[in-house]
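Residue-level structure breakdown
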Amino acid sequence: MDLFFPPVCGGCGKKGSIWCLDCQNKVQILNGILCEMCGLPQTKPAVCDTCRADRPHFRALRAWAVFDDPIRTALHKLKYRRNISLGYSLSLQMNDFVKDLNWPIDMIVPIPLGRKRMRERGYNQVAMIAKPLAMSLNVHYAPNQLKRRKETRSQVGLSSMERRENVRAAFEAGMGVIGKTVLVMDDVSTTGSTLSSSAEVLYASGAKDVFALTVARALPHHGLRHV
């Protein structure tokens with residue numbers, strides 16, 4: 001099939017592969033000195049002022065990459081252009097990064113879509129990355145352990161406070177998380193409000209510990225208007 005319909009890179013559009021080597025090499029890995037909780041870059045290894053003032057509910061949040069091209073374009077195509085195969089390709093490249101975090105996780109739980117968005121899109125783009133990642137890490141993939149209690153607005157363009165209010169009490173967790181260390185996963189994080197809200201209900205349902213992971217992180221200079 002590839003001979004007649006050659007795959008196109010989700011990052012740059014070049015023919016020949018779903019996620020080309022050039023784009024793989026251009027990914028800006030988010031490492032260095034980070035806040036011990038929210039994972040944002042800072043000048044010294046400690047908990048940042050924002051997390052000290054308003055402590056998130058997860059134990060720690062890390063993102064694999066900076067939310068810039070080619071990751072930004074790839075995630076957009078995965079989310080809105082039905083380029084589902086990109087999920088597997090991205091999970092492969094993320095695998096070593098997640099292993100190196102050395103988190104003692106028992107299961108991966110993707111942030112769920114609301115019913116309306118699920119009907120419109122037909123799939124959860126986060127699940128397209130989370131499921132193969134769970135398989136490669138040999139941990140349980142548990143998409144049904146987190147559900148939305150209410151439909152929420154898109155977070156794009158909302159302020160930090162509006163984002164927090166938008167996802168307040170938006171989720172409910174299943175009993176399968178009791179005593180488990182959970183990795184809750186999303187595609188992009190900005191303020192971390194969605195992940196913090198989900199971590200809160202996971203703890204309330206009996207999770208032993210909750211870590212958070214995203215494919216990409218929008219840094220403060222990106223702003224909130226388009227993320």
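Our subject is the structure listed above.
The residue numbers shown here count from 1 along each chain, following its written sequence. Two thresholds apply to this predicted model, a pLDDT of at least 70 for residue-level local features and 80 or more for giving and counting side-chain atom pairs, whereas whole-chain, interface and lining totals are computed over all residues. Only hydrogens and water are set aside when side-chain values are computed; all heavy atoms of the structure are taken into account.

1. Overview of the overall build of the protein
Scanning the protein for helices and strands turns up eight helices and seven strands. Burial here depends on accessible area, computed with a 1.4 Å probe over protein chains only, as a share of the maximum for the residue type. Under 20% is buried, over 50% is exposed, and the range in between is partly exposed. Residue burial in the protein is summarised as follows: out of 227 residues, 51% are buried. In what follows, residue pairs with any heavy atoms lying within 4.5 Å of each other are defined as contacts. Residue pairs at least 24 apart in sequence account for 73% of intrachain contacts in the protein once pairs closer than 6 positions are excluded. All accessibility values rest on the Shrake-Rupley procedure with a 1.4 Å probe; residue burial counts only the protein chains present in the view. Looking at the protein as shown, the accessible area adds up to about 11900 Å², and 51% of this sits on carbon and sulfur atoms. Each helix is a run of DSSP H or I of at least 4 residues and each strand a run of E of at least 2, with the numbering of both proceeding from the N terminus.

2. Points about the nonpolar core
Formed by 37 residues in total, the largest nonpolar core has its most connected members in Trp19, Trp64, Ile71, Leu75, Ile108 and Met185. The set of elements that each furnish at least two residues to this core consists of β1 (60–66), α3 (71–80), α4 (85–101), α6 (127–137), β6 (181–189) and β7 (209–217). When residues in this core are grouped by element, the largest group, six residues, is from α6. Non-local contacts of Ile108, meaning those with residues more than four positions away in its chain, are made with Ala130, Leu133, Ala134, Leu137, Val139, His140, Tyr141, Ala142, Leu183 and Met185. Take the buried residues of types Ala, Val, Leu, Ile, Met, Phe, Trp, Tyr and Cys, join any two whose side-chain atoms come within 4.5 Å, and each joined set is a nonpolar core.

3. Digging into the sheet that holds strand β2 (residues 107–110)
By definition, two strands form a pair when at least two bridges between them are found by DSSP. In space, the five strands of this open sheet follow the order β1-β7-β6-β2-β3, with parallel pairing throughout. Looking at strand neighbours, the two that pair on one side only are β1 and β3 (140–141), the edges of this open sheet. Bridge count between β2 and β3: two bridges; the pairing is parallel. Across the sheet, residue Met107 finds its bridge partner in β3, namely His140. Throughout, an axis means a line fitted to C-alpha atoms (over the contacting stretch in the case of helices), and angles, computed between N-to-C directions, take values from 0 to 180 degrees. Sheet strands touched by helix α8 (residues 193–204): β1, β6 and β7. Its angle to β6, the strand with the most contacts, is close to 160°.

4. Let's talk about the pattern of salt bridges
The term salt bridge refers to a pairing of a side-chain nitrogen on Lys or Arg with a carboxyl oxygen on Asp or Glu at a separation within 4 Å. Going through the model one piece at a time under the given rule, you end up with five salt bridges. With its nearest N and O atoms 2.1 Å apart, the salt bridge here joins Arg52 to Asp49. Of this pair, Arg52 and Asp49 both sit in helix α2 (residues 49–53), three residues apart, which is roughly one turn of that helix. Asp49 gets classed as exposed once you look at its relative accessible area, which sits at 57%. Because the salt bridges share partners, they merge into one network encompassing Asp68, Asp69 and Arg72.

5. Quick word on a positive patch on the surface
Nonpolar side chains (Val, Leu, Ile, Met, Phe, Trp, Tyr) are joined into patches within 5 Å and like charges within 9 Å, using only residues with over 30% relative accessible area and no salt bridge. Charge counting follows a simple rule: Lys and Arg are positive, Asp and Glu are negative, and His as well as the terminal groups are ignored. To locate a charge, take NZ of a lysine, CZ of an arginine, CG of an aspartate or CD of a glutamate. There is a patch of like positive charges on the surface, built from Arg115, Lys116, Arg119 and Lys147. Among the elements that take part in the positive patch, helix α5 (residues 115–121) stands out by supplying three residues, more than any other. Given a relative accessible area of 48%, Lys116 falls into the partly exposed group.

6. Digging into the pairing of β6
Among the nine residues in β6, eight count as buried, and that is most of the element. Where β2 and β6 come together, four bridges link them in parallel fashion. Following the sheet pairing, Val109 is matched in β6 by Val184. As judged from the eight bridges shared by β6 and β7, these two strands associate in the parallel manner. Bridged to Val188 within β7 is Ala216.

7. Quick word on the side chain of Ser189
Inspection of the secondary structure puts Ser189 in strand β6. Leave out the neighbours within four places in its chain, and Ser189 touches Leu61, Leu195, Thr214, Ala216, Arg217 and Ala218.

8. Things to note about unusual backbone geometry
Most peptide bonds take the trans configuration, and most residues that are not glycine carry a negative phi. With omega at 10°, the peptide bond leading from Asp69 into Pro70 counts as cis. Secondary-structure assignment places Pro70 in the loop between β1 and α3. Of note in this structure, Arg82 is not a glycine but carries a positive phi near 60°. Tracing the backbone shows Arg82 in the loop between α3 and α4. For Arg82, a relative accessible area of 52% translates into the label exposed.

9. Overview of the state of the cysteines
Only a pair of cysteine sulfur atoms within 2.5 Å counts as a disulfide in this structure description. In this structure the tally under the stated criterion is zero disulfides. In this structure Cys12 is a free cysteine whose sulfur lies 3.7 Å from that of Cys20, the closest cysteine sulfur available. Cys12 gets classed as partly exposed once you look at its relative accessible area, which sits at 45%. A disulfide-free cysteine, Cys38 has its sulfur positioned 3.7 Å from the sulfur of Cys35, the nearest such atom.

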